[in-house]
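One-letter residues, chain by chain:
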Amino acid sequence: MRRITTTVSGRPMVAWNLPGRKPSVVCVHGAGVSSRELLPFMQVLGPRHDAQTVDLPGFGASGGPPYPPDLHALAETLAECLTILDLERVVLRGGSFSPEREAP
């Protein structure tokens, strides 16, 4: 697994990659955790796909912004990171560890 550090919006952003076949599957962590929680999932994906995960701003090894980002800012940062990493077409896989609720 290779660690990639890039600069997004003037701050360091860390991604992890297991090279493989396209399309790339990018695992995105939820609030309160980091990409570290998704590394086992990447290990499973690795033999079949190009697997990526990122530490969103302020999480894991990525630098934090001067203010708490909202969902829109996180999405823009992720899109900019994917562009910098030259990932044009990806499958996004979100992960959250919040309790599930039943639909009404």
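A quick note: this is a predicted structure, and the numbers were derived from the prediction, not measured.

Participant: Before we go on, may I ask you to explain the side chain of Ser34 in this structure?
Facilitator: Its location among the elements puts Ser34 in the loop between β3 (24-28) and α1 (39-45). Ser34 gets classed as buried once you look at its relative accessible area, which sits at 15%. Once residues lying within four places of it in the same chain are set aside, the contact partners of Ser34 are His29, Asp55 and Gly60.

Participant: I'm lost on the packing of aromatic side chains in this one. Help?
Facilitator: Geometry of an aromatic ring pair is reported as the spacing of the ring centres plus the angle between the planes. In total, this model carries zero aromatic pairs according to the counting rule given. Lying across the ring of Phe41, Arg93 places its NZ or CZ 4.2 Å from the centre.

Participant: What exactly am I supposed to notice about the sheet that holds strand β2 (residues 11-18) here?
Facilitator: Strand pairing in a sheet takes place through backbone hydrogen bonds and is either antiparallel or parallel in direction. Taken together, five strands build an open sheet; the order of strands is β1-β2-β4-β3-β5 and the sheet is mixed. Edge positions in the open sheet fall to β1 (2-8) and β5 (90-94), since each of these has one partner strand only. Across the sheet, the axes of successive neighbouring strands diverge by a mean angle of 25 degrees, strand direction being ignored. Sheet analysis places β3 next to β5, joined by five bridges and oriented parallel. Across the sheet, Ser24 pairs through a bridge with Val90, a residue of β5. Lying over the sheet, helix α2 (residues 71-84) contacts β1, β2, β3, β4 (51-54) and β5, oriented at roughly 115 degrees with respect to β1.

Participant: Looking at this structure, I do not really get the nonpolar core. What am I missing?
Facilitator: If you look at soluble globular proteins, the nonpolar side chains tend to sit buried side by side. Of all hydrophobic cores here, the largest spans 14 residues; its most connected members are Met13, Val54, Leu56, Leu78, Cys81 and Leu85. Here the element with the most residues in this core is α2; it accounts for four residues. Apart from residues lying up to four places away in sequence, Val54 is in contact with Met13, Val14, Ala15, Cys27, His29, Ser35, Leu78 and Cys81. Judged by nonpolar contacts, the second largest core, of seven residues, contains Val25, Met42, Leu45 and Ala51.

Criteria and thresholds
- Residues numbered from 1 in each chain as written.
- Predicted model: local features only at pLDDT ≥ 70, side-chain atom pairs only at ≥ 80, totals over all residues.
- Heavy atoms only, no water.
- Helix = DSSP H or I, 4+ residues; strand = E, 2+ residues; numbered from the N terminus.
- Buried < 20%, exposed > 50% of the residue type's maximum accessible area, 1.4 Å probe, protein only.
- Contact = heavy atoms within 4.5 Å.
- Phe/Tyr/Trp six-rings, centres within 6.5 Å; stacked < 30°, edge-to-face > 60°.
- Lys NZ or Arg CZ within 6 Å of the ring centre and 35° of its normal.
- Pairing = 2+ DSSP bridges.
- Axes fitted to C-alpha atoms, helices over the stretch in contact; angles between N-to-C directions.
- Core = buried A, V, L, I, M, F, W, Y, C linked by side-chain atoms within 4.5 Å.

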